[in-house]
Amino acid sequence: MPNKPKTPPKGWLWSEDAADYLGVSVTTLYRWRRDQYGPRSVRHGRRRYRYEIAEMDAWMAGDHSEAEPAAVAA
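Residues numbered from 1 in each chain as written. Predicted model: local features only at pLDDT ≥ 70, side-chain atom pairs only at ≥ 80, totals over all residues. Heavy atoms only, no water.

## Regarding the packing of helix 1 (residues 15-22) against helix 3 (residues 53-60)
Here comes step 1: With their axes 11 Å apart at the nearest point, helix 1 and helix 3 run at an angle of 30 degrees to one another. The pairing of helix 1 with helix 3 is recorded here as roughly parallel in orientation. You can see that helix 1 and helix 3 cross each other, and the crossing is right-handed. Here Ala18, Tyr21 and Leu22 of helix 1 come into contact with helix 3, specifically with Ile53, Met56, Asp57 and Met60.
Here comes step 2: Within the contact of helix 1 with helix 3, the residues separate by chemical class into six nonpolar, no polar and one charged. (Axes fitted to C-alpha atoms, helices over the stretch in contact; angles between N-to-C directions. Helix = DSSP H or I, 4+ residues; strand = E, 2+ residues; numbered from the N terminus. Parallel < 35°, antiparallel > 145°, perpendicular 65-115°, else oblique. Left-handed = near helix turned anticlockwise from the far one by under 90°. Contact = heavy atoms within 4.5 Å. Nonpolar A, V, L, I, M, F, W, Y, C, P; charged D, E, K, R; others polar.)

This is how it looks when you write it as structure tokens:
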């Protein structure tokens, strides 16, 4: 079994930490991804997702009108 990185790249958070950062549950992040809402996420492997902190900050500040809808990268 390949080693999974325990920490995301600098400037990124895993779903669990991103949920804490945004003040929502992990389930809410799942629903947002499903509904293409919320900050953009990037798929990491089969089941993990990561979120860029700068992207979450911009999304929380309301600076998402020009951004693409949240979509899961393949």
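## Points about the side chain of Arg50
Here comes step 1: Mapping Arg50 onto the fold places it in strand 3 (residues 48-52).
Here comes step 2: The buried charged residue Arg50 lacks any salt bridge partner; its closest oppositely charged side chain belongs to Glu52, at an N-O distance of 8.7 Å. (Buried < 20%, exposed > 50% of the residue type's maximum accessible area, 1.4 Å probe, protein only. Lys, Arg positive; Asp, Glu negative; His and termini not counted. Salt bridge = Lys/Arg side-chain N within 4 Å of Asp/Glu carboxyl O.)

## Here we look at helix 2 (residues 26-34)
Here comes step 1: Taken as a whole, helix 2 has its buried residues at Leu29, Trp32 and Arg33. Down the axis of helix 2, the sector holding all buried residues measures 100 degrees, keeping them to one side.
Here comes step 2: Where the residues of helix 2 are buried, they touch helix 1, strand 2 (41-44), strand 3 and helix 3.
Here comes step 3: Gln36 sits one or two positions beyond helix 2 and adopts a positive phi of about 55 degrees. (Arc of directions from axis to C-beta.)

## Notes on the nonpolar core
Here comes step 1: Within the largest apolar cluster, ten residues are counted, these being Leu13, Ala18, Ala19, Leu22, Leu29, Trp32, Tyr49, Tyr51, Met56 and Trp59.
Here comes step 2: Elements represented by at least two residues in this core include exactly helix 1, helix 2, strand 3 and helix 3.
Here comes step 3: Sorting elements by how many residues they give to this core places helix 1 first, with three residues.
Here comes step 4: Apart from residues lying up to four places away in sequence, Leu13 is in contact with Pro8, Ala18, Tyr21, Tyr49, Arg50, Tyr51, Ile53 and Met56. (Core = buried A, V, L, I, M, F, W, Y, C linked by side-chain atoms within 4.5 Å.)

## Regarding the packing of aromatic side chains
Here comes step 1: On inspection of all chains with the given rule, the structure shows three aromatic pairs.
Here comes step 2: Seen in terms of ring centroids, Tyr37 and Trp59 are 5.5 Å apart; in terms of plane orientation they differ by 85 degrees. Their pairing is edge-to-face. Of this pair, Tyr37 sits in the loop between helix 2 and strand 2 while Trp59 is found in helix 3, placing the two residues 22 residues apart along the sequence.
Here comes step 3: Taken together, the aromatic side chains of Trp32, Tyr37 and Trp59 make up a single cluster linked through ring pairs.
Here comes step 4: It is Arg48 that lies over the ring of Trp14; its NZ or CZ is 3.8 Å from the centre. (Phe/Tyr/Trp six-rings, centres within 6.5 Å; stacked < 30°, edge-to-face > 60°. Lys NZ or Arg CZ within 6 Å of the ring centre and 35° of its normal.)

It is worth stressing that arrangement in space is one thing and function is another; only the former is reported here.
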